[in-house]
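Each chain, letter by letter, is given below.
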Amino acid sequence: IVWQISDKTKLTGYNDRILKDRGADQIAGVDPATASGVWKSPIYTTGSVKVSSAVSNRILVEGGFSTNLERYTILAQPGITKVRGTPEWYTQVMKQDLSLGTIWNFIYGGENYGRFPDRYSFAGAVSYVTGTHNVKVGIQDTFGSYRRTDDANGDLRAIFLNGVATTARILNSPVERFDQLHADVGVYAQDSWRIGRLTLNP
């Protein structure tokens, strides 16, 4: 969306929202009924708003805000995930035969997981332009959080070779990790002088 607020001021806005679900995500060798993944995207969107204004014939002021949210989950098929601590939870684990290339009994990635990264950004700048002298100063800041969750039946993956159980990969689920970026600030200044055929950029 572009809105020409006045002769000197313009506002632009943008948003792209993805609504996407995958009912049975899988690779070759995966049992569709018990090991394919269900992808959901509660919110998966990017957007921005920017305003620019020519304060005078030499001064331009700009400011904006943007977001990027990519929250999604990949979960086992309905009924496959069991209640933690029950007999079914201990036995309904992911089983993978490395010789046959097959996976069954639980989601093929080995864990139900969620990924919830949120990022926000602010930016502003002032430009002074004469034709022989151009100056631009600005500031930008980005911040946000990233929450990740992992959980698996039995807290393990059973590994087979040609139908024979060989090893178990022990998991430390359930896991929930949370990263917080409070500020990533940048301040900049650009200066350009043109003297005849010579341009200086300090």
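As the structure is a computational prediction, the values presented were derived from the model and not from experiment.

What counts and what doesn't
Residues numbered from 1 in each chain as written. Predicted model: local features only at pLDDT ≥ 70, side-chain atom pairs only at ≥ 80, totals over all residues. Heavy atoms only, no water. Helix = DSSP H or I, 4+ residues; strand = E, 2+ residues; numbered from the N terminus. Buried < 20%, exposed > 50% of the residue type's maximum accessible area, 1.4 Å probe, protein only. Polar contact = N/O pair within 3.5 Å; in protein donor to acceptor, adjacent residues only side chain to side chain. Core = buried A, V, L, I, M, F, W, Y, C linked by side-chain atoms within 4.5 Å. Contact = heavy atoms within 4.5 Å. Salt bridge = Lys/Arg side-chain N within 4 Å of Asp/Glu carboxyl O.

For the rest of this paragraph, the subject is the side chain of T142. Relative to the assigned elements, T142 resides in strand β9 (residues 133–151). For T142, a relative accessible area of 11% corresponds to the buried category. One polar contact links T142 to R119, side chain to side chain, over a distance of 3.4 Å.

Core analysis: the largest hydrophobic core is formed by 12 residues, namely V30, A35, Y72, I74, A76, I80, M94, I103, F106, I107, A152 and L171. The dominant element in this core, judged by the number of residues it contributes, is strand β5 (residues 59–76), at 3 residues. Once residues lying within four places of it in the same chain are set aside, the contact partners of V30 are A35, S36, I103 and Y108.

Take unusual backbone geometry next. Along the chain, S173 connects to P174 via a cis peptide bond; the corresponding omega equals 0 degrees. With respect to the helices and strands, the residue P174 is situated in the loop between β11 (164–170) and β12 (175–195). Despite not being glycine, N105 has its phi angle at roughly 85 degrees, a positive value. One can find N105 in the loop between β7 (102–104) and β8 (112–129). For D155, which is not glycine, the phi dihedral falls at a positive 55 degrees. Mapped onto the secondary structure, D155 falls in the loop between β9 and β10 (156–161).

The final tally for this structure, using the stated rule, is 12 salt bridges. A salt bridge links R22 to D25, with the nearest nitrogen and oxygen atoms 3.7 Å apart. Across the pair D179 and R148 runs a salt bridge whose closest N-O atoms are separated by 2.5 Å. With D179 in strand β12 and R148 in strand β9, the pair connects residues that are 31 residues apart, well separated along the chain. Using a relative accessible area of 37% as the deciding quantity, one classes D179 as partly exposed.

Function cannot be inferred from these measures alone, as they are strictly geometric.
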